[in-house]
Amino acid sequence: MEAPPTTDTVYQSVLTLYNNPDTTEKEKASKWLDSLQKSVYSWSIADELLQQKRDLQSCYFAAQTMRNKIQTSFHELPEYSHESLRDSLMNHVCQITADTEVVIVTQLCLALADLALLMSAWKNPVSELIQKLSVNDNSVYPLVIILTLIPEEMNSRYLRLGANRREDISRQLESNSRVVTEFLSACLQNCNNISLMVLNVIKCFTAWIAVHAIAITDLLNNIIIGKTFSLLSNNETEIKLHDAAADCLCTLLQCLEGNNNGQVLEVNIFNSVLQLENSYHLAVAHEDLDKAINYCRIFTIMSETFLDKIVGCSNEHMAHFSIKSLDLVLNCVGHYDYEVMEITFHLWYRLSEEIYQKNNDQLTIHFQPYIERLISAMYRHSQMDADHEGLIDESDTFSDFRRKVSDLIKDVVFIVGSCTCFKQMFLTLQEPNATWEHCEAALFIMENVAKNILPDENDVVPKVVEAILNLPQNTHIAVRYTSITLLGELCEWIDNHPDTLQAILNFLLYSLQQKNGLAAAAATALTSICSKCRDQMICHLSGLVQIVASLDSFEITNEAAIGVLKGISTIVSRLPNQATLTLTLQQICSYQMVPLRALIEADVKVERNKRSDPSFWVDRLTAILRHTDVDVRPTDVHPCLPIINEVWPILSNILNKYQTDSGIMERTCRSIRYIIRCIGKEGSPLLEPLVKQMVHLYELHQHSCFLYLGSILVDEFCNVNDQCTQGLLNMLQAFIQPTFNILQTENGLKNHPDTVDDFFRLCSRFTQRCAIPFLQSTIVSPVIQCALLACTLDHRDANLSVMKFFYNLLNCGRSDSNDIKRGLVLQLVQANGESLVLNLLHSSVFCLHSYMLSDVADVLLELKAVDEEKTSVYLRNAVDALPKKNSGGSVTATQSQIDSFHATVLKSETSKALTHALKEFTLLFR
């Protein structure tokens, strides 16, 4: 936007956006307003619109623009204009009345709060805001909102305040905490219990507690905390107030954790929370789920707050007073709605981890009754409705809950013992009045502890297995389904009891043939048993091959079929006779190759994940070859080679026929990957035709899977002979131009992260397998330039591949490396080292997520190992190039902080230490 528009023009565009029925005109107005918001003129336009107050829509647009500009474009304003912006915003806030729309109030308050955080010249914004706005009744409401937003926005990723500015603000908040508390207390006393003001006061108080601005010692006898408990104790409290009061109390409890300065407050809060037990029971009696959830949150967080003391002080003679909180939580676990129970799961994970780490038998015994009650409750909540027909819908929330129960049982069961739990559930099965839903839930619990049962257990498991194998025909399908799943989980026990195998296989084969949903469970169980009982299953192989032949007659997903093929392939791998192994594999693979040949020859429309999709059959072939793991002597021909000679032409034809379909290309390349991994260097005759086809197809369509497959070829064949090495370098040369063409487009790196990931993985393989030819080639320089640009990419996998490339490249230049390699790397460091460090530091500070910095640290560590003296110079120059102040005028990093970072990087000898230094340093700019 070259010139500022008039406010009338802006007003008309806003009018069009909200009121014009023509969608084309709406879209044009939206794009124009968007470009206006990005321009520097939007500051003054927004201010004028707010002053004119023509209508709700223009005021909202203006307020939103002002907030957006402060959050994302504050750097556009020179420092001398900050005060006038502040005064203008204060003026707009002062004009808020009871009739002003909430959305406008929120945007204006957010704008002023963010400005207070950014503007370093505004020395004591909290005090000034209270002085100027508290005198006007209409301004008290927005003042409370602003005071809420200031601590909430402190860690906003948009503002990038930096650690130093955040520390300044924290000190300001702490010094103003008593003034704010007094102001909020006065608001509470003078508001005549108006719900909106009470709500906002509690939210504001919560925000200040959350950032530890209010000292624990200042919270004793606080009237806002008293009001919070009063609201929670009253079963007539409206739900919004109840939620706010619960949030406040939960935040306060979390602040108490690890704080040893508030023992009196601890006891007071704990005793007050205990008094809420009756309120919880009232909420249950009135079927008020929302309030019950709030009480459960409070009880759970209180238990987590005191968890170290509960575990640390618990023994048979003495327990910490706070252990009573676990009883409150277990009350909630018994609630009729499983949503309430789910809130407590994190507590039980933490408790089990503490007990596991302590490794104290006495402590474990002490907590057994609590876990027994928990498992009993999980058993009850896992029960299906008595009138439920069929199986649980996998997309249902109840199914999701049972998955979470499954994870939790596996985590906590060691406290009571898996065998004890299994036996207890077996007793439940034997109860005379046990209904089908009770039996199914018991089997579900047993299924989740079955893998922990000792393989030589001969008391309960044989009875369970016998009962499952003799289930009556009229048994509810859900019971049959869970029973089949339980058999799969007992695979280790079955491996130790081969006499049961034939009957179990017959039972599973019968279940596979059912059309009611049982086939999926049977396929999964069969996969588990095949994988675990490989040696025992060899004598049953002919029957398993028949199952493969009949796979498409079973009512199972292709994923389940692939699982069965995986399990059977592991058994085939154990065949002692290689000729038999080859024939068996050929037979299994033929069932997949025949339909693939038919698809290649026919003209059939591809339906994704159906039998007309080549990937459907290719994935099955991949599973077979991937899991056929055969020990072959160097002098012997690999038994899979004859099969692969049959498979390769089919896959090659698929690549040609479906070359425009990225999904099919990816799955076919994946299959070729496992073919190459399966036979290794015996696949070298495939290398030349495969590379030619890959290069040709990549020039046409740039599917990144060809780059990935190229990295596999480099890994397997680069060192076979000079001809292979040169051929693979030629492949990389052919890949470079099409790759650069798409990465050099606008936002090319960002829009093609898979290409970045696979391309630099391929380049890394060259540095690992044939570094000298790669480093001597003309390819290396443009590759490094591209990698330098890709440093800023915040895509996890893509950036990791870039960093691994630099890491492996620099690793070749270590002092203990080959002299030729080291010399070549030193030349590259001389030419590109400064740019590398500059880009790494800039990316770390402004582009990358903190969890990605460990990869950057690895690269810096390798660069130090190559040439520490130059690294020191490069790092100093890179740090000096960073901005000394942020957009609000605050110092980002002091000279002492810069010197400390520089020294820490140079003396760090581990990736962990260097990563920590990077994280600390980047926080100064975030």
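Provided above is the structure to which this section pertains.
This is a predicted model, so every value here is computed, not measured.

Asks: What is the right way to read the overall build of the chain from this model?
Replies: Of regular secondary structure, the chain possesses 48 helices and zero strands. Projecting the C-alpha coordinates of the chain onto the three principal axes gives extents of approximately 95 × 80 × 65 Å. Residue burial in the chain is summarised as follows: out of 926 residues, 53% are buried. Sequence separation of 24 or more characterises 74% of the internal contacts of the chain that already satisfy a separation of 6 or more. With the model as given, the accessible surface of the chain reaches about 40800 Å², and the carbon-plus-sulfur share is 48%. Each charge class in the chain was averaged separately, 74 positive and 107 negative side chains, and the resulting centres sit 4 Å apart.

Asks: Got a minute to help me understand unusual backbone geometry in this structure?
Replies: Comment: phi is negative for the bulk of residues other than glycine, and the bulk of peptide bonds are trans. With a phi close to 65°, Asn-609 is a non-glycine residue in the positive phi region. Of note in the backbone geometry, Asn-747 takes a positive phi value of approximately 55° without being a glycine. Among the secondary structure elements, Asn-747 is positioned in the loop between helix 38 (722–743) and helix 39 (748–751). Residue class for Asn-747 comes out partly exposed when judged on its relative accessible area of 46%.

Asks: What should I look at first to understand the pattern of salt bridges in this one?
Replies: Any two side chains of opposite charge can pair, on the condition that their charged atoms come close. Taken as a whole, this structure holds 42 salt bridges when the rule is applied. Residue Lys-451 pairs with Glu-489 through a salt bridge whose shortest N-O separation is 3.8 Å. Here the residue Lys-451 occupies a position in the loop between helix 23 (436–449) and helix 24 (461–469), and Glu-489 occupies one in helix 25 (residues 477–489), the gap between them amounting to 38 residues. Under the relative-accessibility criterion, Lys-451 is labelled partly exposed at 42%.

Asks: Would you take a moment to explain helix 14 (residues 277–285) for this structure?
Replies: An α-helix turns once every 3.6 residues. As a result, residues three or four positions apart point the same way. All of the buried residues in helix 14 are Ser-279, Tyr-280 and Ala-283. Viewed end-on, helix 14 has its buried residues packed into an arc of 105°, placing them on one side of the element. Facing away from the buried side of helix 14 by over 90 degrees, the exposed positions are Asn-278 and Ala-285. Where the residues of helix 14 are buried, they touch helix 11 (223–233), helix 15 (289–305) and helix 17 (324–333). Positive phi appears at Glu-287, one or two residues downstream of helix 14, with a value of about 55°.

Asks: What should I look at first to understand the state of the cysteines in this one?
Replies: Disulfides are covalent bonds that connect the sulfur atoms of two cysteines. Going through the model one piece at a time under the given rule, you end up with one disulfide. With a sulfur-sulfur separation of 2.2 Å, Cys-718 is cross-linked through a disulfide to Cys-770. Negative torsions about the S-S bond denote left-handed disulfides, and the value of about 70° found for Cys-718 with Cys-770 makes this one right-handed. Of the two residues, Cys-718 sits in the loop between helix 37 (705–717) and helix 38 while Cys-770 sits in the loop between helix 40 (753–769) and helix 41 (771–776), which places them 52 residues apart along the sequence. In this structure Cys-59 is not part of a disulfide, and its nearest cysteine sulfur, from Cys-109, lies 14 Å away. Residue Cys-59 is classed as buried on the basis of its relative accessible area of 9%.

Asks: Got a minute to help me understand the packing of helix 3 (residues 42–52) against helix 4 (residues 56–72) in this structure?
Replies: Pairs of packed helices are described in terms of their axes, by the angle between the two and the distance that separates them. Between helix 3 and helix 4, the shortest axis-to-axis distance is 8 Å and the interhelical angle comes to 145°. The two elements helix 3 and helix 4 meet at a crossing, and its hand is left-handed. In this structure, helix 3 contributes Ser-42, Trp-43, Ala-46, Asp-47, Leu-49 and Leu-50 to the contact, and helix 4 contributes Ser-58, Cys-59, Phe-61, Ala-62, Ala-63, Thr-65, Met-66, Lys-69 and Ile-70.

Asks: What's the story with the packing of helix 44 (residues 819–846) against helix 46 (residues 868–880) in this structure? I'm lost.
Replies: Between helix 44 and helix 46, whose axes approach to 9 Å, the crossing angle comes to 40°. In terms of axis orientation, helix 44 runs oblique to helix 46. Along this stretch, helix 44 crosses helix 46, giving a crossing that reads as right-handed. On the side of helix 44, the interface is formed by Val-829, Gln-830, Gly-833, Glu-834, Val-837, Leu-838 and Leu-841, while helix 46 contributes Lys-870, Tyr-874, Leu-875, Asn-877, Ala-878 and Val-879. Here the residues of the contact of helix 44 with helix 46 are counted per class, giving eight nonpolar, three polar and two charged.

Asks: Would you mind going over the packing of aromatic side chains with me for this structure?
Replies: To describe a pair of aromatic rings, you give the distance between the ring centres and the angle between the ring planes. Considering all chains together, one arrives at 20 aromatic pairs under this definition. Summarising the aromatic geometry, the rings of Phe-760 and Phe-805 are spaced 5.7 Å apart at their centres and angled 50° between planes, so their arrangement reads as tilted. Remark: Phe-805 occurs in helix 43 (residues 796–811) and Phe-760 occurs in helix 40; sequence separation between them is 45 residues. Joined through ring pairs, the aromatic side chains of Phe-740, Phe-759, Phe-760, Phe-805 and Phe-806 make up one cluster. For the cation-ring pair, Arg-86 lies above Trp-122, with the distance from its terminal atom to the ring centre recorded as 5.2 Å. Lying over the aromatic face of Phe-444, Arg-402 brings its terminal NZ or CZ to 4.1 Å of the ring centre.

Asks: Would you mind showing me how to read the nonpolar core here?
Replies: Core analysis: the largest hydrophobic core is formed by 327 residues, its most contacted members being Trp-348 and Phe-921. Counting residues per element, this core draws most heavily on helix 6 (residues 102–118), which supplies 12 residues. Setting aside its immediate chain neighbours within four residues, Phe-921 contacts Leu-841, Val-845, Val-879, Leu-882, Ala-893, Ile-898 and Phe-901.

Asks: How should I be thinking about the environment of Tyr-591 in this particular structure?
Replies: In this structure, Tyr-591 sits in helix 32 (residues 578–601). Between the C-alpha atom of Tyr-591 and that of Thr-635, which follows or precedes it by 44 residues, the distance is 31 Å. What Tyr-591 contacts, discounting residues up to four positions off in sequence, is Val-545, Val-548, Ala-549 and Trp-617. At 3.3 Å, the side chain of Tyr-591 forms a polar contact with the side chain of Gln-587.

Asks: Whenever I open this one, helix 2 (residues 23–38) confuses me. Can you help?
Replies: Helix length check: helix 2, at 16 residues, gives a terminal C-alpha distance of 23 Å against a target of 22 Å (1.5 Å per residue), a fit within 8%. Looking at helix 2, one finds that the buried residues are Ala-29, Leu-33, Leu-36 and Gln-37. Across the axial projection of helix 2, the buried residues extend over an arc of 95°, all falling on one side. Turned more than 90 degrees away from the buried face of helix 2 sit Thr-23, Lys-28, Lys-31 and Lys-38, all of them exposed. Buried residues along helix 2 sit against helix 1 (7–19), helix 3 and helix 4. Where helix 2 begins, the capping side chain belongs to Asp-22, and its oxygen is found 2.9 Å from the backbone nitrogen of Thr-24.

Asks: How do you make sense of the side chain of Ser-843 when you look at a structure like this?
Replies: Mapped onto the elements of the fold, Ser-843 is located in helix 44. Polar side-chain contacts of Ser-843 include one of 2.7 Å to the backbone oxygen of Asn-839. Excluding residues within four positions of it along the chain, Ser-843 makes contact with Cys-791, Thr-792 and Leu-848.

Asks: Explanation requested: the side chain of His-902 in the structure shown.
Replies: Locating His-902 in the fold gives a position in helix 47 (residues 895–907). Note on His-902: relative accessible area 10%, which makes it buried.

Asks: Before we go on, may I ask you to explain the environment of Arg-670 in this structure?
Replies: Following the sequence through the fold, Arg-670 ends up in helix 35 (residues 662–679). For the pair Arg-670 and Asp-619, spaced 51 residues apart in sequence, the C-alpha separation works out to 8.6 Å. Beyond its immediate chain neighbours, meaning those up to four positions away, Arg-670 contacts Asp-619, Thr-622 and Arg-626.

Analysis parameters
- Residues numbered from 1 in each chain as written.
- Predicted model: local features only at pLDDT ≥ 70, side-chain atom pairs only at ≥ 80, totals over all residues.
- Heavy atoms only, no water.
- Helix = DSSP H or I, 4+ residues; strand = E, 2+ residues; numbered from the N terminus.
- Buried < 20%, exposed > 50% of the residue type's maximum accessible area, 1.4 Å probe, protein only.
- Contact = heavy atoms within 4.5 Å.
- Areas by Shrake-Rupley, 256 points an atom, 1.4 Å probe, with all protein chains shown as cover.
- Lys, Arg positive; Asp, Glu negative; His and termini not counted.
- Charge placed at Lys NZ, Arg CZ, Asp CG, Glu CD.
- Salt bridge = Lys/Arg side-chain N within 4 Å of Asp/Glu carboxyl O.
- Arc of directions from axis to C-beta.
- Disulfide = S-S within 2.5 Å.
- Axes fitted to C-alpha atoms, helices over the stretch in contact; angles between N-to-C directions.
- Left-handed = near helix turned anticlockwise from the far one by under 90°.
- Parallel < 35°, antiparallel > 145°, perpendicular 65-115°, else oblique.
- Nonpolar A, V, L, I, M, F, W, Y, C, P; charged D, E, K, R; others polar.
- Phe/Tyr/Trp six-rings, centres within 6.5 Å; stacked < 30°, edge-to-face > 60°.
- Lys NZ or Arg CZ within 6 Å of the ring centre and 35° of its normal.
- Core = buried A, V, L, I, M, F, W, Y, C linked by side-chain atoms within 4.5 Å.
- Polar contact = N/O pair within 3.5 Å; in protein donor to acceptor, adjacent residues only side chain to side chain.
- Expected span 1.5 Å × (residues − 1).

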